[in-house]
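A look at the structure
Each chain is listed here by its residues.
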Amino acid sequence: MGLPPYATLGQRIWYYSFRVICGLIFFFLIAPIVVVMPLSFNAQDFFTFTPEMLRLDPAGYSLKHYEDFFTNPQWQLAMKNSLIIAPIATIISVSLGTLAAIGLSQSHVPFKGTIMAILISPMIVPLIISATGMFFFYSSLGNWMEGTLGLDKGFVGYVKVILAHAVLGIPFVIITVTATLVGFDRSLTRAAANMGAGPVTTFFRVQMPLILPGVISGGLFAFITSFDEVVVVLFVGSASQKTLPWQMFIGLREQISPTILAVATILVVISICLLTTVELLRRRSERLRGMSPG
Amino acid sequence: MAEAMLAADGTPLKRSLARALRRQKLRALGLIAPLLLFVLITFIVPIASMLFRSVENEIVSNTLPYTVESLASWDADQDTLPSEDTYQAMFFDMFVAAEAKRHTRLGTRLNYETTGLSSLFRQSGRKLDDIADISYKPLEDLDGAWDEGETWYALMNARDGADTALMATQRARIARLTDTETNGVVNFAPDAEVAALLPLAAREYTAWAIFVATQDGRDPATRDPWEAVAPALLIDLQSADLGGYDGPHADLLRAAQAANLPVPNFTDAFADVDKDWGNPEPWATIQTHSGKYTGGYFLNAVDAQKTADGMAWQPENKQILITLFGRTIWMSVLIMCSCILLGYPIAWLLANLPMRQANLLLILVLLPFWTSLLVRTSAWKVMLQQQGVINDVLVWIGLVADDNRLIIINNQFGTIVSMTHILLPFMILPMYSVMQTIQPSYLRAAKSLGATNWTAFWRVYFPQSIPGIGAGSILVFILAIGYYITPEIVGGTKGVFISNRIAYHISSSLNWGLAAALGTILLAAVLILYWAYDKIVGIDNVKLG
């Protein structure tokens, strides 16, 4: 890939211009995300750089948007809802998804193709269509739960959104866990059984530790799917289930406060942490399976 | 003959194996079953209910059951008005619907097909009392007893035998009309003898009794019935033979029959309410859309309409949905192409750099992939605004005058740029994984055989990278045509997709049937593309991160 010493002038020019082009594309990929960060410290209520900011004048910077985020009840409600909905949805999709992935990875599963297609479908169907279908179905489900079961309205609202988000996260769990199970050595479970371990013990003491990286990264995918989801929650939830993305969406559409940028920065930091975790897990999983870490 | 092989416990080996296999299958299914059920209930059923809603059309026959029945024999092509019987059925259907406040809903539904029906239904609903009064006032003047609810109750309520069939059909009528259960206790049952003698009055009184008992929770014995029972009674009395009747209020009935009180001419009365009822057009619309299932929403979704003479296209300048479908596909193709253009060099670079550097650069691709969609969309809103970062930079450099800033948001350009950015990782990652498998020695071999750099790339490397391009393209295209959030925020009016229209019909115009039909069409397109993706790439090769 390096430039050979005998390269002609044309080749040199191409080599460097190609690097520049690639650099520009990387700039295109990263710049929008990076731009948000300094702007979130803007002392003015603008969405752009003020002259004070460009002069690096401390007066041009402030934490007021962050302060607004942590004190404004609207944003706090959204934050609280996101932190309620996403973890519960993740727990549901991970626990059901891991079991099913183990079942799917066994030999001789009847109708494997059809089952797989059904389980993957929430990822395939565009969100707007899932949201439309869920809008019709979940409103009657909600009425039934409120009317027949006599449940509290707010509680039913959370149940609806959590169920919807859990099912959206399932394909990611299935895909990552089945991928991990492909490299799982079956003789280990047989060895455990041979030594007297029951199926439950084998699962928790032998299989689970080995596939844990896959399960966790599937769970992270499911979490981010729910945490980042806005279309379905807009259609299925009501105002009291307003999540962070929903609040951001309203803010962007009606153009209110630059607090959105502060939230965006916080979310970018969270996604960097998640990305690092997934990357570390992937390497650990490959090491465990005896592959060279990429 | 050889003995059958036996397993350790003495059963034939074959049977033992089959049993073990069956147990294994059952265990696998047992592990999958909870999730499968969960997905079926929380996802597949909702999607199926959406598909159903796109063809479901029970509202017309639920709201106007007798009119639909009566209209069945009417021929819309003959340019004549429906018969007086149809107008009469319409009056009683509408009267109940207006009391249940359901006539405006039907008006809204039929307004999708013929403009103006919404206001026609709304206004007619208010004036039905005037028609009823043509009979009600004279009846009341004849004998004040007709003004008392108790008179009617005594006349109609069952004595010797109740007409249970009539009761059941009217319960079902009110249930379908109001979308509620009507199985509750009703302190009334129509008398079989009166129901045979005065069928229309018994029918309407029963419907009223069920309505007040189940919807308002009141006792029909003490309430005054709707005015519509008066014209119903007088119509019945025109032909009823009261000779053998000796039940309650027999003399009242005989007096009313002898007085020969006026019965409204419903055809004229409706024309007085609104002259549109004197045209065949609203009737043709009702007749055309009276079926329980309809393809009408699908026709609407492609800018066509179901009329009495079959299908008709909207005029060219009103074909917004076809335009929108076209724009969705066209813009998705543009986004896909710009993703290929931008993604190919990056994927090539990543695949050809040493592992350590490639991994570092890969993070620059994965970071946007992992960043919240809303964050990226808000970033683009910040960048593209007229007072935004890009315009500021251009003004600062001097490329653009301050009073002439570029308009790059709320149009197609804004949507394409931001969606290219958002979907680019989905193009780069499949391309990268394919390019990793291409042996660099092939390129060297081509060059040693005398190929120029370009020939070696175009004839040797590029054909091998096509599967990556195909996989990435289909993935990006599928994701693009269903996008909602980004076009909604940066697309303005010119840069929105069909999904924004679906959301509009769900939350603003409340034309849910049309939204479902649009969704079904979009779903079909996506499924076909996925099927192609599965054939070309294989769903199992979907990799994350």
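Residues numbered from 1 in each chain as written. Chains lettered and ligands numbered in written order. Predicted model: local features only at pLDDT ≥ 70, side-chain atom pairs only at ≥ 80, totals over all residues. Heavy atoms only, no water.

1. Things to note about the overall build of chain A
Regarding its fold elements, chain A presents 12 helices and 0 strands. Listing each helix as α and each strand as β along chain A from the N terminus yields α-α-α-α-α-α-α-α-α-α-α-α. A compact globule built from 294 residues should have a C-alpha radius of gyration of about 19 Å, whereas chain A, at 24 Å, is more than 25% larger. Principal-axis analysis of the C-alpha atoms places the extent of chain A at approximately 75 × 70 × 35 Å. Taking all 294 residues of chain A together, 52% fall into the buried category. In chain A, 66% of the contacts between residues at least 6 apart in sequence involve partners at least 24 apart. When the accessible surface of chain A is totalled, it reaches about 13,300 Å², and 69% of it is carbon and sulfur. (Helix = DSSP H or I, 4+ residues; strand = E, 2+ residues; numbered from the N terminus. Rg over C-alpha atoms; globule rule 2.2 N^0.38 Å. Buried < 20%, exposed > 50% of the residue type's maximum accessible area, 1.4 Å probe, protein only. Contact = heavy atoms within 4.5 Å. Areas by Shrake-Rupley, 256 points an atom, 1.4 Å probe, with all protein chains shown as cover.)

2. Overview of the overall build of chain B
Scanning chain B from N- to C-terminus turns up 25 helices and 2 strands. Taking 2.2 N^0.38 as the reference for a compact globule, 545 residues should give roughly 24 Å; the C-alpha atoms of chain B span a radius of gyration of 35 Å, well beyond that estimate. Projected onto its principal axes, the C-alpha positions of chain B cover 115 × 100 × 45 Å. Here chain B holds 545 residues, and 51% of them are scored as buried. Put simply, 73% of the contacts in chain B that link residues at least 6 apart link residues at least 24 apart.

3. Topic: the interface of chain B and chain A
Contacts between the two partners involve 85 residues from chain B, matched on the other side by 84 residues from chain A. Contact between chain B and chain A buries roughly 7,700 Å² in total, counting both sides, with carbon and sulfur atoms accounting for 83%. Scanning the region where chain B abuts chain A turns up 6 residue pairs in polar contact (both at pLDDT 80 or more). Top element by residues in the side of chain B that touches chain A is helix α1 (residues 13-53) of chain B. It accounts for 24 residues. Here the residues of the side of chain B that touches chain A sort into 61 nonpolar, 17 polar and 7 charged. (Buried area = accessible area lost by both parts, 1.4 Å probe. Polar contact = N/O pair within 3.5 Å; in protein donor to acceptor, adjacent residues only side chain to side chain. Nonpolar A, V, L, I, M, F, W, Y, C, P; charged D, E, K, R; others polar.)

4. Things to note about the pairing of strand β1 (residues 304-307) of chain B
Two elements, β1(B) and strand β2 (residues 310-313) of chain B, share 4 bridges in a ladder whose sense is antiparallel. Note on β2(B): the bridge partner recorded for B:K306 is B:M311. (Pairing = 2+ DSSP bridges.)

5. A word on the domain arrangement of chain B
Looking at the assigned domains, one finds that chain B contains domain 1 (11-53), domain 2 (65-286) and domain 3 (320-541). Computed over C-alpha atoms only, the centres of domain 2 of chain B and domain 3 of chain B are separated by 61 Å. (Domains from an automatic or database assignment.)

6. A look at the pattern of salt bridges
Any two side chains of opposite charge can pair, so long as their charged atoms come close to each other. Residue and element names in this part refer to chain B. Going through the model one piece at a time under the given rule, you end up with 10 salt bridges over all chains. A salt bridge links D179 to R102; the nearest nitrogen and oxygen atoms lie 3.9 Å apart. Residue D179 is found in the loop between α8 (164-178) and α9 (192-197), and its partner R102 is found in the loop between α4 (84-99) and α5 (103-111); the two are separated by 77 residues along the sequence. By relative accessible area, which is 56% here, D179 ends up exposed. R102 gets classed as buried once you look at its relative accessible area, which sits at 18%. As a salt-bridge pair, R405 and D402 come within 3.0 Å of each other at their nearest N and O atoms. When salt bridges that share partners are traced, they join D93, R173, R203 and E204 into one network. (Salt bridge = Lys/Arg side-chain N within 4 Å of Asp/Glu carboxyl O.)

7. With respect to the packing of helix α16 (residues 320-352) of chain B against helix α20 (residues 412-435) of chain B
All names here are of chain B. Where α16 contacts α20, the axes come no closer than 6 Å and their chain directions differ by 45°. Comparing their axes, α20 and α16 come out oblique. The element α16 and its partner α20 pack so that their crossing is right-handed. The class makeup of the residues in the contact of α16 with α20 is 22 nonpolar, 5 polar and 1 charged. (Axes fitted to C-alpha atoms, helices over the stretch in contact; angles between N-to-C directions. Parallel < 35°, antiparallel > 145°, perpendicular 65-115°, else oblique. Left-handed = near helix turned anticlockwise from the far one by under 90°.)

8. A short note on a positive patch on the surface
On the surface, a cluster of positive charge is contributed by A:R186, A:R190, B:R22, B:R23 and B:R27. By the element assignment, A:R190 lies in helix α8 (residues 187-194). (Patch = residues over 30% accessible without salt bridge, like charges linked within 9 Å, V, L, I, M, F, W, Y side chains within 5 Å. Lys, Arg positive; Asp, Glu negative; His and termini not counted. Charge placed at Lys NZ, Arg CZ, Asp CG, Glu CD.)

9. Things to note about the environment of B:L128
Residue and element names in this part refer to chain B. Summarising the element assignment, L128 is placed in helix α6 (residues 117-142). Sequence separation between L128 and A269 is 141 residues, and the spatial gap between their C-alpha atoms is 9.2 Å. If we skip the residues at most four places from it in the chain, L128 touches F91, M94, F95, A98 and F270.

10. Comments concerning unusual backbone geometry
In this structure, B:N260 takes a positive phi of about 50° despite not being glycine. With respect to the element layout, B:N260 can be found in the loop between α12 (250-259) and α13 (266-273).

11. Quick look at the packing of aromatic side chains
Under the counting rule described, the total for this entry stands at 42 aromatic pairs over all chains. For the pair A:F223 and A:F227, a centre-to-centre distance of 5.4 Å together with 15° between the ring planes defines the contact as stacked. With A:F223 and A:F227 both in helix α9 (residues 199-228) and 4 residues apart, the pair spans about one turn of that helix. Considering the side-chain rings of B:W277 and B:W283, the 5.3 Å spacing of their centres and the 55° angle between planes classify their relative orientation as tilted. (Phe/Tyr/Trp six-rings, centres within 6.5 Å; stacked < 30°, edge-to-face > 60°.)

12. Structural notes on the nonpolar core
A general tendency of soluble globular proteins is for nonpolar side chains to be buried together. If you look at the biggest cluster of nonpolar residues, it comprises 163 residues, and the most contacted ones within it are A:I128, A:I174, A:M248, B:L35, B:W370, B:L423 and B:I485. Apart from residues lying up to four places away in sequence, A:I128 is in contact with A:V231, A:F235, B:G482, B:Y484, B:S499, B:I502, B:A503 and B:L522. (Core = buried A, V, L, I, M, F, W, Y, C linked by side-chain atoms within 4.5 Å.)

13. Some words on the side chain of A:Q241
All names here are of chain A. With respect to the element layout, Q241 can be found in the loop between α10 (231-236) and α11 (244-254). What makes Q241 buried here is its relative accessible area of 0%. Of note is the side chain of Q241, whose polar atom sits 3.4 Å from the backbone oxygen of G154. A distance of 3.3 Å separates a polar atom in the side chain of Q241 from a polar atom in the side chain of S240. Setting aside chain neighbours within four positions, we find Q241 in contact with N81, I85, G154, G157, Y158, V161, V233 and W246.

14. Notes on the environment of B:A532
Within the secondary structure layout, B:A532 lies in helix α25 (residues 512-536). Distance in space between the C-alpha atoms of B:A532 and B:T164 is 58 Å, their sequence separation being 368 residues.

15. Remarks on a nonpolar patch on the surface
On the surface, A:W144, A:L149, A:L151 and A:F155 cluster together into a nonpolar patch covering about 390 Å² of accessible area. The residue A:L149 is located in the loop between α6 (127-147) and α7 (153-182) in this model.

16. Things to note about the packing of helix α17 (residues 355-370) of chain B against α20(B)
All names here are of chain B. Two elements in contact, α17 and α20, have axes whose closest approach is 9 Å; the angle formed by their N-to-C orientations is 145°. Judged by the twist between their axes, the crossing of α17 over α20 is left-handed. Contacts between α17 and α20 pair A358, L362, V365, L366 and F369 from the former with P425, F426, I428, L429 and Y432 from the latter. Along the lines of polarity and charge, the residues of the contact of α17 with α20 split into 10 nonpolar, no polar and no charged.

17. As for the confidence of the model for chain A
Confidence along chain A averages 87 in pLDDT terms, with 96% of residues attaining 70 or more. Mean pLDDT per element in chain A: helix α2 (residues 51-54) of chain A is the minimum at 78, and helix α4 (residues 73-104) of chain A is the maximum at 93. (pLDDT = per-residue confidence, 0-100.)

18. Regarding the side chain of B:T182
Within the secondary structure, B:T182 is located in the loop between α8 and α9. Residue contacts for B:T182: discarding those within four places in its chain leaves B:R171, B:I174, B:A175, B:I210, B:T214 and B:Q215.

19. Here's the deal with the environment of A:S238
For A:S238, the position within the fold is in the loop between α10 and α11. Taking the C-alpha atoms as reference points, A:S238 and A:I115, 123 residues apart in sequence, are found 32 Å from one another.

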